[in-house]
Amino acid sequence: MNKEEILAKFSSEPDRYYKVKLFEEQGFIRKSCSVCKRFFWTLDGRNQCPEHSDDTYSFIGNPPTSKRFDYTDAWRQVESFFVKNGHTSISRYPVVCRWRDDLYFTIASIVDFQRVMGSKVVFEFPANPLIVPQTCLRFKDIENVGVTGRHFSSFCMIGQHSIPNGSGYWKDECVDLDFRLLTDAFGINKSEIVFVEDVWAGGGSFGSSLEYYVRGLELGNAVFTEFQGELGNHTTLDQRIIDMGAGLERFAWITMGTPTAYDCCFGPITEKLLQKSGIDFDSLMLTRYFTEIAKGLEKYPDLSHVRRSAIKESGLTDDKMTRIITPLEGIYMIADHLRTLIFAISDGALPSNVGGGYNLRIILRRIMATIDRLGLRVDLDELIDSHIDYLKKTYPELEQYRSEVKTIIGIEVGRYHESKSRMEKIAQNLKSQKKTLNVDDMIRLYESDGVTPDYLKEYNVISEIPDSFYTKLSDLHQSEKKKAVEEFDLTGIPETDLLFYKDDPVKFDAKVLRVLKSKFVVLDRTSFYARGGGQEPDHGSINGQSVIDVTKHGSIVLHEISGIAPKEGQLVSCEIDVDRRSGITKHHTSTHVINSSARNVLGSWVWQHSAFKEKDYGRLDITHHSSLTDEEIRKIESFANTVIQKNLPVTIQEYERGQAEQTFGFRIYQGGVVPVKSVRIVRIEDFDVEACGGTHVRRTGELGLIKITKSERIQDGVIRLEFVSGRSAIEFVQKQEEDIMSIIKSLGSNREKIIKSFEHAMSDSESAKKKLKQLIKRTSSTVARQAIESAKRFGPIKFYSTIDDELDEEFHIAVGEDAIRQEPTLLYCALVVRGSGIRIIVFAGEQAQFKAGDLVKEISAKLGGSGGGDARFGQGGGKDTARLAEAISYAELLIKKTVNV
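Residues numbered from 1 in each chain as written. Predicted model: local features only at pLDDT ≥ 70, side-chain atom pairs only at ≥ 80, totals over all residues. Heavy atoms only, no water.

(A) Main features of helix 6 (residues 248-256). Extensive coverage of helix 6 is indicated by the burial of 7 of its 9 residues. Along helix 6, the positions that sit buried rather than exposed are Leu 248, Glu 249, Phe 251, Ala 252, Trp 253, Ile 254 and Thr 255. Immediately beyond the C-terminal end of helix 6, within one or two residues, lies Gly 257, with a positive phi of roughly 65 degrees. (Buried < 20%, exposed > 50% of the residue type's maximum accessible area, 1.4 Å probe, protein only. Helix = DSSP H or I, 4+ residues; strand = E, 2+ residues; numbered from the N terminus.)

So this is what it looks like as structure tokens:
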């Protein structure tokens, strides 16, 4: 939808879309900007809009307010004003947007109340009207943070929201309230306030908006979301919304008049960092410089032009830029980024290499690179404490996550230091090669090696960070892929009556409404649970034919039949596989138990990432920063079994979605977004509360036993736990017992002496391995000479190959290394067969004209595997043992091509 077209249309009818009572009562005059032609409403007769007026950013060093408020005081003023005027003040929502599957982070206050229902976005307000201090995270222009004086990676959007019904209001009252907030609560002279006409469009809806400015600073934007469809063919929304968003940081800044918004929004943090840095400056110089920066942002296309202009206009020398401005920019950026991390980690996000975690890791690495560059001696734990001590006046919930934030940031700082030597080598190599890097090159360097553009700039590999870098990086990790779903024409079919949410009969009769593609049966009612939320579907029978899959499409359940499908209109007998249902149900409840147990043992950052529940086992992926130790796994398992022993009741109750969120918080969204208004809450007393559509036991004691069978780190920040419960757990323990007894017998020992017997066996094994290594050393030189003698010659290269199903790769590593030392033109290739797998070992002499790693890649691909290495040594693997000879022949062909034989 073209916003310019909408604005032109709306501005051509100002009385309908923009004129409000306040303008008439106070005498506001509508004008068109002499520079950009935008329409605005003013009391002082100016001819230019706020962005082009002479007084733009003149509040820096000379605030227009009669009152002075820092960040926390400014919120108290705003909150007090709106509460006195009939608004409910609500706490902020998490910055991790759990209720939307298309957003990682909360980017605006209105997002708090948006819920996706099919293809539509609906609004659900917990009160009307309301006010909220919503912390928002945005990462698309983080290169501006610290530099411009007003860009933040996290900021507080004051959300003033209303639905115009019996209790809410519309344009007249909204603009009147915002005007009085500025004049009465903040003491701004009314002649300083300018309203600019604009529009907003998104998600298929649009409406007019009025932005309000004071001395060129946009303080808020009142959006009146009113229409849907395309301009000219649009209709009025059933649910009109006022979405007024104002910047709390800017409210503090306008009253304080400090050189930057950072100076009045981070409490004692900037002061502490300034003391550590020892920067000596005068406020007048900073006022001149940052005023020019603020003005320049409206004039120039990129930040480098803005800075050059500001330096020139404020008369700063290169020395002052280096000694004062650059360190200041770094200090402001550290304060901002650390605050962002505190909010994100407190709300359950982890820095990582996937999803929204990318943004968190990169800003932490920017902090560390800046601390190193400025030579600051700072204690991040101390800065975290200062931030939380200051912020908890507005956001008291941060206090309980103080230690968790320190833990996560401490781990990430350690990883940064571990990677520094590698980053330094890469940067030095790039610098020596004098490579010119584009944005895509920088993104690859960050994604593959963790090298941030800030680090490249510090090493003079690049002169400036491209404006588009952070935008492109953010876009790469914003959307999650959706799986393709088989399409069915379900037109005219009524919704299925879901018996598994009611009395849940094992046997029932139902009427066949439709048969699709000769095997998908739609019944009028069903007890067959459909696949969903990671829970596998029920099996059983319909009319004696096997049900092999059950899926839900909207409100209609499809049963896939193996056999002869019934006729449409027929009454059929149906039966659930009770044994299968019981196993799946136990594993589903066990998922809830293990998830909360892991959070109790590991930390508040643990969330369910995904889950899978089958009859015989379950799988749970959780968010966690590191691989689990054996001790941590044991503690989680022990905690879970304690919950089983307590035999806690498992209750299920329907709640209206907003009520569920307000009652239980956003922890309920462990299984992802709930796309329905009525939320099914599964509660294990006070231990675990989740929104869940699955089947569950009635008490935890029915689970009997939980055993965690495997733990692995499947991606950065995600740990997979595989487990069994109920009968499957008993069978697992019994199998372990059988295995132990088998080991005892093979050792000729007994249960009491098994450890000692095993230690003796291992000692004997190690002794045998040492003797074998010594034997290989003694014989490798002779075998290497034999390999050289039997090698084929292709021009200047000798090629030796062998397929070995007796000796292992250790033997061939020793021989190959010796062989290329003796003969620098030799390529040594061994394919070691072990059962159904193949290990590939390649060595290349200094004069062999072929990189070992390249040859391994080619051979591995031929054998259905992968591999790599460097110029001298490569290794890989494969599975296709039928193509061993073909792989050797292919290697010979590649060598011949290389040397033109």
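Past the structure itself, the notes keep going.
(B) Representation of the pattern of salt bridges in the model. Considering all chains together, one arrives at 54 salt bridges under this definition. Measuring nitrogen to oxygen at the nearest pair gives 3.3 Å for the salt bridge that ties Glu 637 to Lys 707. Of this pair, Glu 637 sits in helix 18 (residues 630-645) while Lys 707 sits in strand 25 (residues 706-715), and the two are 70 residues apart along the sequence. For Glu 637, a relative accessible area of 15% gives the class buried. (Salt bridge = Lys/Arg side-chain N within 4 Å of Asp/Glu carboxyl O.)

(C) Highlighting helix 19 (residues 657-664). Of all the positions in helix 19, only Arg 657, Gly 658, Ala 660 and Glu 661 are classed as buried. For helix 19, the angular spread of buried residues about the axis comes to 160 degrees, placing them on one side. At the N-terminal boundary of helix 19, the capping side chain belongs to Glu 656, with an oxygen 3.2 Å from the backbone nitrogen of Gly 658. Where helix 19 ends, the next residue or the one after it, Gly 665, has phi of about 85 degrees, a positive value. (Arc of directions from axis to C-beta. Polar contact = N/O pair within 3.5 Å; in protein donor to acceptor, adjacent residues only side chain to side chain.)

(D) Broad picture of the side chain of Glu 892. One can find Glu 892 in helix 24 (residues 884-899). A relative accessible area of 13% means that Glu 892 is categorised as buried. Among all residues touching Glu 892, those that are not within four sequence positions of it are Lys 792, Phe 794 and Phe 799. (Contact = heavy atoms within 4.5 Å.)

(E) Expanded view of the state of the cysteines. The full count for this structure, using the stated rule, is 0 disulfides. Residue Cys 156 stays outside any disulfide, its sulfur separated by 7.5 Å from that of Cys 136, the closest cysteine. What makes Cys 156 buried here is its relative accessible area of 0%. (Disulfide = S-S within 2.5 Å.)

(F) How the structure looks around the packing of aromatic side chains. Counted according to the given criterion, the structure contains 41 aromatic pairs. Centroid distance Phe 10 to Tyr 17: 3.9 Å. Interplanar angle 10 degrees. Geometry classified as stacked. For Phe 10, a relative accessible area of 0% puts it in the buried group. The buried category is assigned to Tyr 17, whose relative accessible area is 3%. Taking the centre distance of 4.9 Å and the plane angle of 85 degrees together, the rings of Phe 59 and Trp 253 count as edge-to-face. With Phe 59 in the loop between strand 2 (39-42) and helix 4 (71-84) and Trp 253 in helix 6, this pair connects stretches of sequence that are 194 residues apart. The same class applies to Phe 59 as to Trp 253, namely buried. Within the aromatic cluster, the residues linked to one another by ring pairs are Phe 23, Phe 28, Trp 41, Phe 179, Phe 195 and Tyr 212. Geometry around Phe 488 places Lys 517 over its ring, the cationic atom sitting 4.5 Å from the centre. (Phe/Tyr/Trp six-rings, centres within 6.5 Å; stacked < 30°, edge-to-face > 60°. Lys NZ or Arg CZ within 6 Å of the ring centre and 35° of its normal.)

(G) Structural view of the packing of helix 10 (residues 318-346) against helix 13 (residues 402-433). Between helix 10 and helix 13, the least distance of the axes is 9 Å, while the angle of their chain directions is 115 degrees. Judged by the angle between their axes, helix 10 and helix 13 are roughly perpendicular. Crossing handedness for the pair helix 10 and helix 13: right-handed. Here Leu 338, Leu 341, Ile 342, Ile 345 and Ser 346 of helix 10 lie close against helix 13, whose contacting residues are Glu 404, Val 405, Ile 408 and Ile 409. For the contact of helix 10 with helix 13, the class distribution of residues is 7 nonpolar, 1 polar and 1 charged. (Axes fitted to C-alpha atoms, helices over the stretch in contact; angles between N-to-C directions. Parallel < 35°, antiparallel > 145°, perpendicular 65-115°, else oblique. Left-handed = near helix turned anticlockwise from the far one by under 90°. Nonpolar A, V, L, I, M, F, W, Y, C, P; charged D, E, K, R; others polar.)

(H) Representation of the sheet that holds strand 31 (residues 866-869) in the model. The strand order across the open sheet formed by 6 strands is 27-28-29-30-32-31, and the pairing between neighbours is mixed. Of all the strands in the sheet, the pair left with one neighbour each is strand 27 (792-794) and strand 31. Neighbour-to-neighbour, the strand axes of this sheet turn through a mean angle of 15 degrees, independent of strand direction. Bridge analysis of strand 29 (residues 826-834) against strand 30 (residues 837-844) gives 8 bridges, and the strand direction is antiparallel. (Pairing = 2+ DSSP bridges.)

(I) Summary view of the environment of Ile 107. Within the fold, Ile 107 resides in the loop between strand 3 (88-89) and strand 4 (114-117). Residue classification places Ile 107 among the partly exposed positions, given a relative accessible area of 33%. Every residue in contact with Ile 107, bar those within four places of it in the chain, is listed here: Cys 136, Leu 137, Arg 138, Phe 155 and Met 157.

(J) Representation of the nonpolar core within the structure. Residues Phe 195, Phe 251 and Ile 409 are the most contacted members of the largest nonpolar core, which totals 199 residues. It is helix 10 that contributes the most residues to this core, 15 residues altogether. Contact partners of Ile 409, with chain neighbours within four places excluded, come to Leu 338, Leu 341, Ile 345, Leu 364, Leu 380 and Ile 384. In terms of nonpolar packing, the next biggest core, distinct from the first, is built from 25 residues, Phe 799, Val 842, Leu 863 and Ala 891 among them. (Core = buried A, V, L, I, M, F, W, Y, C linked by side-chain atoms within 4.5 Å.)

(K) Up close: unusual backbone geometry. Cis geometry is found at the peptide bond from Asn 128 to Pro 129, where omega equals -5 degrees. Positive phi values are uncommon outside glycine, yet Lys 37 reaches one of about 75 degrees. Note that Lys 37 resides in the loop between strand 1 (29-32) and strand 2. Of note in the backbone geometry, Asn 543 takes a positive phi value of approximately 60 degrees without being a glycine. Tracing the backbone through its elements, the reader meets Asn 543 in the loop between strand 16 (540-542) and strand 17 (545-553). Judged by its relative accessible area of 36%, Asn 543 is partly exposed.

(L) Local environment of the pairing of strand 21 (residues 618-623). Burial runs high along strand 21: 5 of the 6 residues are buried. Where strand 20 (residues 608-613) meets strand 21, 5 bridges bridge the pair, whose relative direction is antiparallel. If you follow Phe 612 over to strand 21, its bridge partner there is Arg 619. Direction of pairing for strand 21 relative to strand 26 (residues 718-725): antiparallel, over a ladder of 6 bridges. When the sheet's bridge partners are listed, Leu 620 is paired in strand 26 with Leu 721.

(M) Structural context of the packing of helix 11 (residues 357-374) against helix 13. Axis separation between helix 11 and helix 13 bottoms out at 10 Å; the angle between their running directions is 65 degrees. Judged by the twist between their axes, the crossing of helix 11 over helix 13 is right-handed. From helix 11, Arg 361, Leu 364, Arg 365, Met 368, Ala 369 and Asp 372 reach across to helix 13, where they touch Ile 409, Glu 412, Val 413, Arg 415, Tyr 416, His 417, Ser 419 and Lys 420. For the contact of helix 11 with helix 13, the class distribution of residues is 6 nonpolar, 2 polar and 6 charged.

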